[in-house]
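# A closer look at the structure
Chain by chain, the residues:
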Amino acid sequence: MRTTVGIIGAGPAGLLLARLLHRAGIDSVVLESRDRAYVEQRQRAGILEQGTADVLRAVGAGERMDREGLRHDGIELRFDGRRHRVDFPGLTGGRSVTVYAQTEVCKDLVALQVEEGGPLLFEAEALAVEGAEGDRPRVPFRHRGVEQVLECDYVVGCDGFWGVARGAFPAEPSRVFERSYPYAWLGILADVAPSHGELVYARHDRGFALLSMRSPTVSRLYLQVPEGTDAARWGDEEIWDELERRLETADGWRLERGPVTQKSVTPMRSFVHEPMRHGRLFLAGDAAHIVPPTGAKGLNLAVGDVVTLARALVHRRDTGSEELLDAYSATCLRRIWQAERFSYDMTTLLHRAPGATAFDARLQRARLERIASSHAAGTDLAEAYTGFPLQ
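Residues numbered from 1 in each chain as written. Predicted model: local features only at pLDDT ≥ 70, side-chain atom pairs only at ≥ 80, totals over all residues. Heavy atoms only, no water.

What follows deals with the UniProt feature "domain: FAD-binding" (unreviewed entry) in the protein. UniProt tags residues 2–343 as "domain: FAD-binding" (unreviewed entry). As annotated, residues 2–343 comprises 33% helix and 31% strand, and the C-alpha atoms at either end are separated by 40 Å. (UniProt positions renumbered as here; feature names shortened; annotations may be inferred. Helix = DSSP H or I, 4+ residues; strand = E, 2+ residues; numbered from the N terminus.)

Turning next to the sheet that holds strand E14 (residues 200–203). With mixed pairing, the eight strands of this open sheet are ordered in space as E6-E5-E14-E15-E16-E13-E17-E20. Single-partner strands in this sheet number two, and they are strand E6 (82–87) and strand E20 (289–290). On top of the sheet, helix H8 (residues 236–247) reaches strand E5 (74–79), strand E13 (175–190), E14, strand E15 (209–215), strand E16 (218–226) and strand E17 (260–274); it is set at about 85° to E16, its chief contact. (Pairing = 2+ DSSP bridges. Contact = heavy atoms within 4.5 Å. Axes fitted to C-alpha atoms, helices over the stretch in contact; angles between N-to-C directions.)

So, on to the side chain of Ser 343. The topology assignment puts Ser 343 in helix H11 (residues 328–350). Residue class for Ser 343 comes out buried when judged on its relative accessible area of 0%. (Buried < 20%, exposed > 50% of the residue type's maximum accessible area, 1.4 Å probe, protein only.)

As a further point, take the packing of helix H1 (residues 12–24) against helix H6 (residues 102–116). For the pair H1 and H6, interaxial distance at closest approach is 9 Å and the crossing angle is 40°. Crossing of H1 over H6 shows left-handed handedness. Contact with H1, carried on its side by Pro 12, Leu 15, Leu 16, Ala 18, Arg 19 and His 22, involves Gln 102, Cys 106, Leu 109, Val 110, Leu 112, Gln 113 and Glu 116 of H6 and no other residues of that element. Of the residues in the contact of H1 with H6, the class split is eight nonpolar, three polar and two charged. (Left-handed = near helix turned anticlockwise from the far one by under 90°. Nonpolar A, V, L, I, M, F, W, Y, C, P; charged D, E, K, R; others polar.)

The topology assignment puts Gly 62 in the loop between helix H3 (50–58) and helix H4 (63–68). Separated by 43 residues in sequence, Gly 62 and Val 105 place their C-alpha atoms 8.8 Å apart. Those residues in contact with Gly 62, other than ones at most four positions away along the chain, are Leu 56 and Arg 57.

Time to look at the pattern of salt bridges. For the coordinates displayed, the defined rule picks out 45 salt bridges. A salt bridge links Glu 116 to Arg 19, with the nearest nitrogen and oxygen atoms 2.7 Å apart. Residue Glu 116 is found in helix H6, and its partner Arg 19 is found in helix H1; the two are separated by 97 residues along the sequence. Judged by relative accessible area, which is 4%, Arg 19 ranks as buried. The closest approach of N and O atoms between Glu 322 and Arg 316, which form a salt bridge, is 2.8 Å. For Glu 322, a relative accessible area of 24% puts it in the partly exposed group. The structure contains a network of salt bridges with shared partners spanning Glu 63, Arg 64, Arg 67, Glu 68, Glu 104, Lys 107 and Asp 108. (Salt bridge = Lys/Arg side-chain N within 4 Å of Asp/Glu carboxyl O.)

What follows covers the packing of helix H9 (residues 298–319) against H11. Between H9 and H11, the least distance of the axes is 10 Å, while the angle of their chain directions is 160°. The pairing of H9 with H11 is recorded here as roughly antiparallel in orientation. The hand of the H9/H11 crossing is right-handed. Where H9 abuts H11, its residues Asn 300, Leu 301, Gly 304, Asp 305, Thr 308 and Leu 309 lie against Tyr 328, Thr 331, Cys 332, Arg 335, Ile 336 and Ala 339. Broken down by class, the residue content of the contact of H9 with H11 amounts to six nonpolar, four polar and two charged. (Parallel < 35°, antiparallel > 145°, perpendicular 65-115°, else oblique.)

With antiparallel pairing, the three strands of this open sheet are ordered in space as E3-E7-E4. The sheet is open, and its two borders are formed by strand E3 (47–48) and strand E4 (70–72), each paired with just one other strand. Sheet analysis places E3 next to strand E7 (residues 97–99), joined by two bridges and oriented antiparallel. By the bridge assignment for E7, Ile 47 is matched with Val 99.

Moving on, we come to the environment of Gly 157. Within the secondary structure, Gly 157 sits in strand E12 (residues 154–157). Using a relative accessible area of 0% as the deciding quantity, one classes Gly 157 as buried. For the pair Gly 157 and Leu 221, spaced 64 residues apart in sequence, the C-alpha separation works out to 31 Å. Ignoring sequence-local partners within four residues, the contact set of Gly 157 consists of Ile 8, Ala 165, Leu 281, Phe 282, Leu 283, Ala 284 and Ala 287.

Have a look at this one:
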């Protein structure tokens, strides 16, 4: 099998890259080790930055998002029983975010790819990336039990942290930067209308809590729990009781409860692999970087990567110049490190670390007070949350 761009992984990064290339007239093949149902059902992020939503609209994948997604013009910070709203449009010149689950983004992009795009092979496990240093890299893969080879001009690894693409990078000059956090998120989906119209981030002495949603009738909520927590050990009412404690306000706000349909635990980590290019092999999305979910940056960073790469591939075809391809890693990493910084800041601002002292708690409150009282500090948060520019 032969194509111009071989894409490993049919998450949002791989699917969006295929869509961008298709619209530019560049052929591609997408290899995905899982079946279609898994790709369309795996729960991940749910917040789309302004730039991400704009890109989806531009490639023809925004119709259902605009119909069913929820535009949010701010978030609420809670601490010491008080509530402070961060007004995104007022602080950023009009930017907002959209609540629209990654599962739905993938469904929309899969449907477009199947209907209009190049081959999208499910249950096709990439086994290796070979010859990345040369002109014709190869991806041996197993498709439903039959071994084949995909020959391409370029390979893009959108196959996550454990995928074969990152493993094909040489030890030198590769560098890894990472940080693990001593806590995790216990998350639930519940069949109940959200108790607030926007996301609520709560700092509490018992630990962090987040009130989010997937739709007007489905709530998504999270609790900070110790690293390694087993979700099954938490009863439904125990979870609701703890959420109520951490989200409590002094003005009588109430948390609505409903049937819990799903529980999971999300570990917290920061990770960056540099560089993001080796010869004709490129990394995008979780294959190159991971952020703690506090800043809602994971999916949006993946979008930034593939927009940058698609632009560089089109430039190479139209001009013969490798300039933008050569700059791909450095261009993406500028945005990635800003997102890593913001995600780290939000995480340490709101979570109670094991062994935290009264001094640490006072610093967190001081940082929150600064955001609530300073236009400049509020603007910094709003600009970062709604998205760094797609370069």
